[in-house]
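Listed here are the chains, written in short residue letters.
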Amino acid sequence: MTGPSTQWLAEALAVLEPEHLSIEDDSAAHAGHAGARSGGGHYTVTVVSARFSGLNRVARHRLVYTALGDLMKTRIHALALVALAPDEL
């Protein structure tokens, strides 16, 4: 579920024009972890986008990382990612 604490993440991924976007903030489960201490969160993201059609997993992940830009260096410490094309549901 995308909530107020992850709205910034949803806004960054909007460039992918997702048909479905699910964001889970798993940060609480990693309290005390070095990444958590530095401010970076742990997230599980599922995104379904036509932009992924015909692309392999690496190319899909690159699109997501590009969309997230500097957030990967600042607000995100760990990202579990599922990137699907609509016909893969």
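These lines cover the structure that appears in this document, whether it is placed above or below. (Residues numbered from 1 in each chain as written. Predicted model: local features only at pLDDT ≥ 70, side-chain atom pairs only at ≥ 80, totals over all residues. Heavy atoms only, no water.)

## Digging into the overall build of the protein
Line of reasoning, step 1. Helix and strand counts for the protein stand at four helices and three strands.
Line of reasoning, step 2. Overall, the protein shows an N-to-C arrangement of helices and strands of α-β-α-β-α-α-β.
Line of reasoning, step 3. A burial count over the protein gives 35% of its 89 residues as buried.
Line of reasoning, step 4. When contacts within the protein are restricted to residue pairs at least 6 apart in sequence, long-range pairs at least 24 apart make up 63% of them. (Helix = DSSP H or I, 4+ residues; strand = E, 2+ residues; numbered from the N terminus. Buried < 20%, exposed > 50% of the residue type's maximum accessible area, 1.4 Å probe, protein only. Contact = heavy atoms within 4.5 Å.)

## A look at the pattern of salt bridges
Line of reasoning, step 1. Enumeration over the complete set of coordinates arrives at two salt bridges.
Line of reasoning, step 2. Note that E88 and R60 form a salt bridge whose closest N and O atoms lie 2.7 Å from each other. Placement of the pair is E88 in the segment after strand 3 (76–84) and R60 in helix 3 (residues 57–68), with a sequence separation of 28 residues.
Line of reasoning, step 3. Between D70 and K73 there is a salt bridge, with its nearest N and O atoms 3.9 Å apart.
Line of reasoning, step 4. Residue class for K73 comes out exposed when judged on its relative accessible area of 70%. (Salt bridge = Lys/Arg side-chain N within 4 Å of Asp/Glu carboxyl O.)

## Details of the nonpolar core
Line of reasoning, step 1. In terms of nonpolar packing, the biggest core is built from 20 residues, with L9, Y43, V45, V64, L68, I76 and L79 touching the most fellow members.
Line of reasoning, step 2. Elements supplying a minimum of two residues to this core: helix 1 (7–13), strand 2 (41–48), helix 3 and strand 3.
Line of reasoning, step 3. Leaving out residues up to four positions away in the same chain, I76 has contacts with W8, L9, G40, G41, Y43, L68 and L71. (Core = buried A, V, L, I, M, F, W, Y, C linked by side-chain atoms within 4.5 Å.)

## With respect to helix 3
Line of reasoning, step 1. Taking 1.5 Å per residue as the helical rise, helix 3 with its 12 residues ought to reach 16 Å, and the 17 Å between its terminal C-alpha atoms agrees with that figure.
Line of reasoning, step 2. When we look at burial in helix 3, the residues that qualify are R60, H61, V64, A67 and L68. Relative to the axis of helix 3, the buried residues are bounded by an arc of 120 degrees and lie together on one face. Those residues of helix 3 that are exposed and angled more than 90 degrees off the buried face are R62 and T66.
Line of reasoning, step 3. For helix 3, the secondary structure elements touched by its buried residues are helix 1, strand 2, helix 4 (71–74) and strand 3.
Line of reasoning, step 4. Measuring from the side-chain oxygen of the N-cap residue of helix 3 to the backbone nitrogen of V58 gives 3.1 Å; that N-cap residue is N56.
Line of reasoning, step 5. Looking one or two residues past helix 3, G69 carries a phi angle of roughly 50 degrees, positive in sign. (Expected span 1.5 Å × (residues − 1). Arc of directions from axis to C-beta. Polar contact = N/O pair within 3.5 Å; in protein donor to acceptor, adjacent residues only side chain to side chain.)

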